[in-house]
Amino acid sequence: MLILGIETSCDETGLALYDSERGLLAHALHSQVALHAEYGGVVPELASRDHIRKTLPLLRGIFRQANLKPATVDGVAYTRGPGLIGALLVGAAIGRSLAWTWNIPAIGVHHMEGHLLAPMLEAEPPEFPFVALLVSGGHSLLVRVAGVGRYQILGESVDDAAGEAFDKTAKLLGLPYPGGPALAKRAEQGDPRRFTFPRPMTDRPGCDFSFSGLKTAALTAWRALEPTPENQADVARAFEEAVVDTLAIKCQRALQATGLARLVVAGGVGANRRLRERLRELAAERGGRVYYPRLEFCTDNGAMIAYAGWRRLAAGQCETAAVEVLPRWPLDSLSPACG
Ligand code: KG4
Ligand code: ZN
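Residues numbered from 1 in each chain as written. Chains lettered and ligands numbered in written order. Predicted model: local features only at pLDDT ≥ 70, side-chain atom pairs only at ≥ 80, totals over all residues. Heavy atoms only, no water.

Re the pattern of salt bridges
Working step 1: Enumeration over the complete set of coordinates arrives at 19 salt bridges.
Working step 2: Between Glu-113 and Arg-312 there is a salt bridge, with the nearest N and O atoms lying 2.7 Å from each other. One end of the pair, Glu-113, is in helix H4 (residues 111–117); the other, Arg-312, is in helix H10 (residues 302–314), and 199 residues separate them in sequence. Both residues of the pair, Glu-113 and Arg-312, count as buried. (Salt bridge = Lys/Arg side-chain N within 4 Å of Asp/Glu carboxyl O. Helix = DSSP H or I, 4+ residues; strand = E, 2+ residues; numbered from the N terminus. Buried < 20%, exposed > 50% of the residue type's maximum accessible area, 1.4 Å probe, protein only.)

Now the structure itself:
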């Protein structure tokens, strides 16, 4: 079964062709970072317009890459939500129209389900059940995953998502957009012993997170200092250490509570090197393993949407011809995919 995947939920246009027998055949991504940089964050209307400009040229590109004709596609998967409504509508309208024209089924995929299943595209995919830490710009979740669509939320952020906290703190420190990778890079030169920020909500039971206080701690420390690159690096390092430590403590609790040893880490913050190292150690200590998508599939991409779409289309799910998107869509409201 050959699936076309289309991701347009935020500021990346991602297209991919996934074949259930041969794996990922082609993928292409256009990042809107340069477009939004001068505004210091994603401008939704500009994002939608850029998705309109880029989706079809990228689509032609992946068919060329795979040396395939559109007539060979068996199904179309597009991101239905959560995300920016205008951006989602572009992918949904194009995906749904192509499926209608080609007379094949289409499926609207949950963006976070895409992230969660992204490690399945790797050579040694995790087996169900596992615990997943989903950390992106919009979400921070710990989930017990029993199968596709069988998700039990163990904990989530009560305020900012982990990626959002990275982005906002980077902005406070005067680092360039996009903040997460910029802060992580600057933190590499920082002294980990100079500042210690709190580990929010680790003093009470449960797996929920809170990151907004950390942003304030970083701001308070930064305001008392000369704005030099060294001070910036030290504050960035303390912030990164605090986020990584907090996430690691919560992951440990989630593994303990479920009795599982497999941990999947996905979403943009999953690209953070220090987080990856720390969780690898943690899983190893428990005699388990941590699974990541390759770095380029930690952040938004079309491959994860094609894969998740295939799992659902193969289970017999598909949609009517209506173009519908869900800017807000709880992960645990999804139905299981059996097949
Ligand atoms: O999953 P993603 O590409 O988009 C959403 O679905 O939100 O995640 C983007 C988020 C941004 O907040 C970005 O700053 C963060 O992931 N991010 C990082 C790193 N790379 C991306 N945060 C920390 N360290 C990184 N290396
Ligand atoms: Zn994402």
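After that view, the rundown keeps rolling.
Some remarks on the site of ligand 1
Working step 1: Residues in close proximity to ligand 1 total 17 residues, the closest being His-111, His-115, Gly-137, Asp-167 and Asn-272.
Working step 2: Between ligand 1 and Asp-167, the relevant distance is 2.6 Å, taken from an oxygen atom to a side-chain nitrogen or oxygen of the residue.
Working step 3: Asp-300 places a polar main-chain atom, nitrogen or oxygen, 3.1 Å from an oxygen atom of ligand 1.
Working step 4: Protein chains shield 86% of the accessible area of ligand 1, which is 550 Å² for the free molecule. (Near = heavy atom within 4 Å. Polar contact = N/O pair within 3.5 Å; in protein donor to acceptor, adjacent residues only side chain to side chain. Areas by Shrake-Rupley, 256 points an atom, 1.4 Å probe, with all protein chains shown as cover.)

Focus: the coordination of the zinc ion (ligand 2)
Working step 1: Taken together, the protein donors to the zinc ion (ligand 2) comprise His-111 (NE2), His-115 (NE2) and Asp-300 (OD), at separations of 2.0 to 2.1 Å.
Working step 2: The sequence motif formed by the donor residues of the zinc ion (ligand 2) is H-x3-H-x184-D. Of this pair, His-111 and His-115 are both found in helix H4, four residues apart, which corresponds to roughly one turn of the helix. His-115 shares its class with His-111; the two are buried. (Donors = N, O, S within 2.8 Å, 3.2 Å for Na, K, Ca; no water.)

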